[in-house]
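The lines below spell out each chain.
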Amino acid sequence: MGERVAAITGGHGALGRAVVEAALAAGWTIAVIDHASGHVVPDGVLEVGGVDLTDPAQAKAAIETVVARLGRLDALLNIAGGFVWSPVEGDGDEFDRMHALNVKTTLNASRAALPHLKASAEGRIVNVGANGAIKAGHGMGAYAASKAGVHRLTEALAEELKSTSVTVNAVLPSIIDTAANRADMPDADPAKWVAPADLAAVILFLASPEARAVTGALIPVTGKV
């Protein structure tokens, strides 16, 4: 087993896979928690699939499975989330959906993990916010509101945990260079975007013992956007 044990939510997504790869390269022991299941994962990675993190009971059961199988938990990397472009004047449920996928998943996983992270000498939570939540643009109301919720949750939880070993931080990416984003924005220059591996490197630093002096931070990772 590696020197550090991390649970990565949303580990089957584009960013999640990059974080898994970077963590393995750094010698971490990894568990992937995802709504999807049955994906091929690297050797030695524990998959906990079929988990709806919007449900507190399922989030708790997933974290307990990780600890039971791997023995402890040192870091929770909250990558799970979602995006939708939708004008505020629309009549759909986008605000509820974004709140569930971005805020509730982060909250539920964090609450479930905290008893175990507090037992670690260097407990870490790293969340994924959004640079687009600093100032929302057209069609970004639901997404930006939910990611702003992640920012405030990060700050509040960091304050609550200052007497413990646990730090809580968030990365705020601009546009991540994924196949989906390239398909959605074919005329854009992806060289200006944030490579998943580069964002993963920042996440892994925040999850490391060396980042013990950083908590409650919202770190912009915006490339050249």
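Residues numbered from 1 in each chain as written. Predicted model: local features only at pLDDT ≥ 70, side-chain atom pairs only at ≥ 80, totals over all residues. Heavy atoms only, no water.

Basically, it comes down to this: UniProt positions are given in the numbering used here, feature names are shortened, and annotations may be inferred rather than shown by experiment.
If you check an unreviewed UniProt entry, the chain appears there as 3-oxoacyl-[acyl-carrier-protein] reductase from Brevundimonas naejangsanensis. Under the heading Sequence similarities (unreviewed entry), UniProt records this for the chain: "Belongs to the short-chain dehydrogenases/reductases (SDR) family."

## Description of the overall build of the chain
Applicable threshold: Per the convention used, a helix needs a DSSP run of H or I reaching at least four residues, while a strand needs a run of E reaching at least two, with both numbered from the N terminus. Between the two quantities, the radius of gyration covers C-alpha atoms and the globule rule is 2.2 Å times the number of residues to the power 0.38. Throughout, exposure labels follow a simple rule: accessible area from a 1.4 Å probe, protein chains only, divided by the maximum for the residue type, with under 20% read as buried, over 50% as exposed, and the rest as partly exposed. We call two residues in contact when some of their heavy atoms are within 4.5 Å. Here the accessible surface of atoms and residues is derived via Shrake-Rupley with a 1.4 Å probe, and residues count as covered only by protein chains that are part of the display.
Helix and strand counts for the chain come out as 6 helices and 7 strands. Secondary structure elements of the chain occur, N-terminal to C-terminal, as β-α-β-β-α-β-α-β-α-β-α-α-β. For 225 residues, the compact-globule formula gives about 17 Å, and the C-alpha radius of gyration of the chain, at 17 Å, lands near that figure. When the backbone C-alpha atoms are referred to their principal axes, the chain occupies close to 45 × 35 × 35 Å. Of all 225 residues assigned to the chain, the portion counted as buried reaches 49%. Summarising the internal contacts of the chain: among those between residues at least 6 apart in sequence, 68% fall at separations of at least 24. Total accessible area on the chain is roughly 10,500 Å²; 54% of this is exposed by carbon and sulfur atoms.

## A few points about the sheet that holds strand β2 (residues 29–33)
Quick note on the threshold: Being paired, for any two strands, means DSSP has found at least two bridges between them. For helices, the fitted axis covers only the stretch in contact; all axes are lines through C-alpha atoms, and the angles between them, taken along N-to-C directions, range from 0 to 180 degrees.
Spatially, 7 strands are ordered β3-β2-β1-β4-β5-β6-β7 in an open sheet, and the strand pairing comes out parallel. Each of the sheet's edge strands pairs with one partner strand only, and the pair in question is β3 (46–48) and β7 (218–221). Adjacent strand axes in the sheet meet at a mean angle of 20° when their direction is disregarded. Strand direction decides the pairing type here: strand β1 (residues 5–9) and β2, joined by 5 bridges, are parallel. Its bridge partner being in β2, Ile8 is matched across the sheet by Val32.

## Re helix α1 (residues 14–25)
Basically, it comes down to this: What a helix should span is 1.5 Å times the count of its residues minus one.
With 12 residues, α1 should reach 16 Å at 1.5 Å per residue; the first-to-last C-alpha distance of 17 Å fits that figure. Each element contacted by the buried residues of α1 is listed here: β1, β2, β4 (75–78), β5 (124–128) and α6 (196–206). At the exit of α1 stands Gly27, carrying a positive phi of roughly 90°.

## Some points on the nonpolar core
Put simply, the rule is: Take the buried residues of types Ala, Val, Leu, Ile, Met, Phe, Trp, Tyr and Cys, join any two whose side-chain atoms come within 4.5 Å, and each joined set is a nonpolar core.
Counting 28 residues, the largest nonpolar core has Ile33, Ile63, Leu73, Leu76 and Ile125 as the members making the most contacts within it. Residues in contact with Ile125, not counting those within four places in the same chain, are Leu76, Asn78, Ser110, Leu114, Leu117, Leu157, Val166, Thr167, Val168 and Asn169. In this structure, Val19, Ala23, Val45 and Val126 belong to the second largest nonpolar core, which totals 26 residues.

## Looking at helix α4 (residues 141–160)
Think of an α-helix as turning once every 3.6 residues; residues three or four places apart then point the same way. The end-to-end C-alpha distance of α4 is 28 Å, a good match for the 28 Å that 20 residues give at a rise of 1.5 Å each. Looking at α4, one finds that the buried residues are Gly141, Ala142, Tyr143, Ala144, Ser146, Lys147, Val150, His151, Thr154, Leu157 and Ala158. On its buried face, α4 sits against α3 (94–118), β5, β6 (167–173) and β7.

## A look at the pattern of salt bridges
What counts, and what does not: By convention in these notes, a salt bridge is any Lys or Arg side-chain nitrogen within 4 Å of a carboxyl oxygen on Asp or Glu.
Following the criterion strictly, the structure yields 7 salt bridges and no others. A salt bridge links Glu64 to Lys60; the nearest nitrogen and oxygen atoms lie 3.8 Å apart. Note that Glu64 and Lys60 are positioned in helix α2 (residues 56–70) at a spacing of 4 residues, about one turn of the helix. On the accessibility criterion, Lys60 (49% relative accessible area) is partly exposed. Residue Lys162 pairs with Glu159 through a salt bridge whose shortest N-O separation is 3.0 Å. The same class applies to Lys162 and to Glu159, which are both exposed.

## Here we look at the side chain of Thr154
Structurally, Thr154 is set in helix α4. Not counting chain neighbours up to four residues away, the residues in contact with Thr154 comprise Asn127, Val168, Asn169, Ala170, Ala217 and Leu218.

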